[in-house]
Amino acid sequence: MTYQNILVKTEGPVGLITLNRPKSLNALNAELLGELIDQLETWDVADAIRCIVITGSDRAFAAGADIKEMQPQSYMDMYKSNFFGQVNDRISAIRKPIIAAVAGWALGGGCELAMLCDFIIAADTAKFGQPEINLGVMPGIGGTQRLTRFVGKSKAMEMCLTGRNMDAAEAERSGLVSRVVPAAELMAEAMKAAQAIAEKSLPIVMMTKETINRAYETTLSEGVRFERRVFHSMFATEDQKEGMAAFSEKRKAGFRDR
């Protein structure tokens, strides 16, 4: 399929989506988000794809939502169309791992899109922020919720109320990103991580993702109980037998997703 706002390619079992609205620093309009969700859902059910990477350009992962598209909307327009609702719900429902490879600006909706991914690898040029307060609104794709969970109330409150951005080093210290790499190495490192994930048992990877995400939705005791039940269920899989046998025999495991 040919898209107008994203570039799509595969490298073995890894799918790569590049946001591609360079004139607007990859501002997230309805067309781009629709294409992105369509491709994510396509790959989520494709046997050949085992991990997904989303990236932008050297200048910007995504500099925010498309303000020109939103400015004339009324309350009823936004409410009846559930504006941004499907973005959050449908990307959150993707079961395969998604890595955000972020260089340059990741602001507003761009920061929220990165946080919707399962983890973020950032270039040392990356800058994150929720500057919506400067436009007379607040974050609308989960920014007040996910940023608070990632970096804590005080820092999230400051960023959302003042519009201050954080650089890559602060983002790593605060737990927003998993690690920071030189900009020239960003894509190589992101693809290396994706390929490492793709070598694992896909059902086990998907169960692990679901279990970690459960930590944000429930209490510690219920989360641990859920983890234990999923852990027990893994002993019904062929891949558990293969993985442990390979460890004992000092060889590489040959997972078969069974």
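Structure: see above.
**Let's talk about the overall build of the protein**
When you go through the protein residue by residue, the secondary structure sums to 12 helices and 10 strands. Here the C-alpha radius of gyration of the protein, 19 Å, is about what a compact globule of 258 residues would show, namely 18 Å. Reported as C-alpha extents along the three principal axes, the dimensions of the protein are approximately 60 × 45 × 40 Å. Sorting the 258 residues of the protein into buried and exposed places 44% on the buried side. Pairs at least 24 residues apart make up 67% of the contacts formed inside the protein by residues separated by at least 6 positions. Within the structure as shown, the protein displays about 13,700 Å² of accessible surface, and the carbon and sulfur contribution to it stands at 56%.

**Quick notes on the environment of Ala-236**
With respect to the helices and strands, Ala-236 occurs in the loop between α11 (220-233) and α12 (238-248). Using a relative accessible area of 72% as the deciding quantity, one classes Ala-236 as exposed. With 80 residues separating them in the primary sequence, Ala-236 and Ala-156 have C-alpha atoms 42 Å apart.

**A few points about the sheet that holds strand β7 (residues 119-123)**
One open sheet accounts for six strands, arranged β1-β2-β3-β5-β7-β10; its pairing is mixed. Edge positions in the sheet fall to β1 (6-11) and β10 (179-181), since each of these pairs with one other strand and no more. For this sheet, the mean angle separating the axes of adjacent strands, direction not counted, is 20°. Two elements, β7 and β10, share three bridges in a ladder whose sense is parallel. The residue bridging Ala-123 from the neighbouring strand is Val-181, located in β10. Packed onto the sheet, helix α1 (residues 30-44) meets β1, β2 (14-19), β3 (51-55) and β5 (98-102) and runs at close to 20° relative to β1.

**Describing the pattern of salt bridges**
Counted according to the given criterion, the structure contains 13 salt bridges. As a salt-bridge pair, Glu-170 and Arg-164 come within 2.9 Å of each other at their nearest N and O atoms. Residues Glu-189 and Arg-179 are paired through a salt bridge, measuring 3.1 Å at the closest nitrogen-oxygen approach. You can see Glu-189 sitting in helix α9 (residues 186-198) and its partner Arg-179 sitting in strand β10, a full 10 residues away along the chain. The exposure class assigned to Arg-179 is partly exposed, which follows from its relative accessible area of 31%.

Parameters and conventions
- Residues numbered from 1 in each chain as written.
- Predicted model: local features only at pLDDT ≥ 70, side-chain atom pairs only at ≥ 80, totals over all residues.
- Heavy atoms only, no water.
- Helix = DSSP H or I, 4+ residues; strand = E, 2+ residues; numbered from the N terminus.
- Rg over C-alpha atoms; globule rule 2.2 N^0.38 Å.
- Buried < 20%, exposed > 50% of the residue type's maximum accessible area, 1.4 Å probe, protein only.
- Contact = heavy atoms within 4.5 Å.
- Areas by Shrake-Rupley, 256 points an atom, 1.4 Å probe, with all protein chains shown as cover.
- Pairing = 2+ DSSP bridges.
- Axes fitted to C-alpha atoms, helices over the stretch in contact; angles between N-to-C directions.
- Salt bridge = Lys/Arg side-chain N within 4 Å of Asp/Glu carboxyl O.

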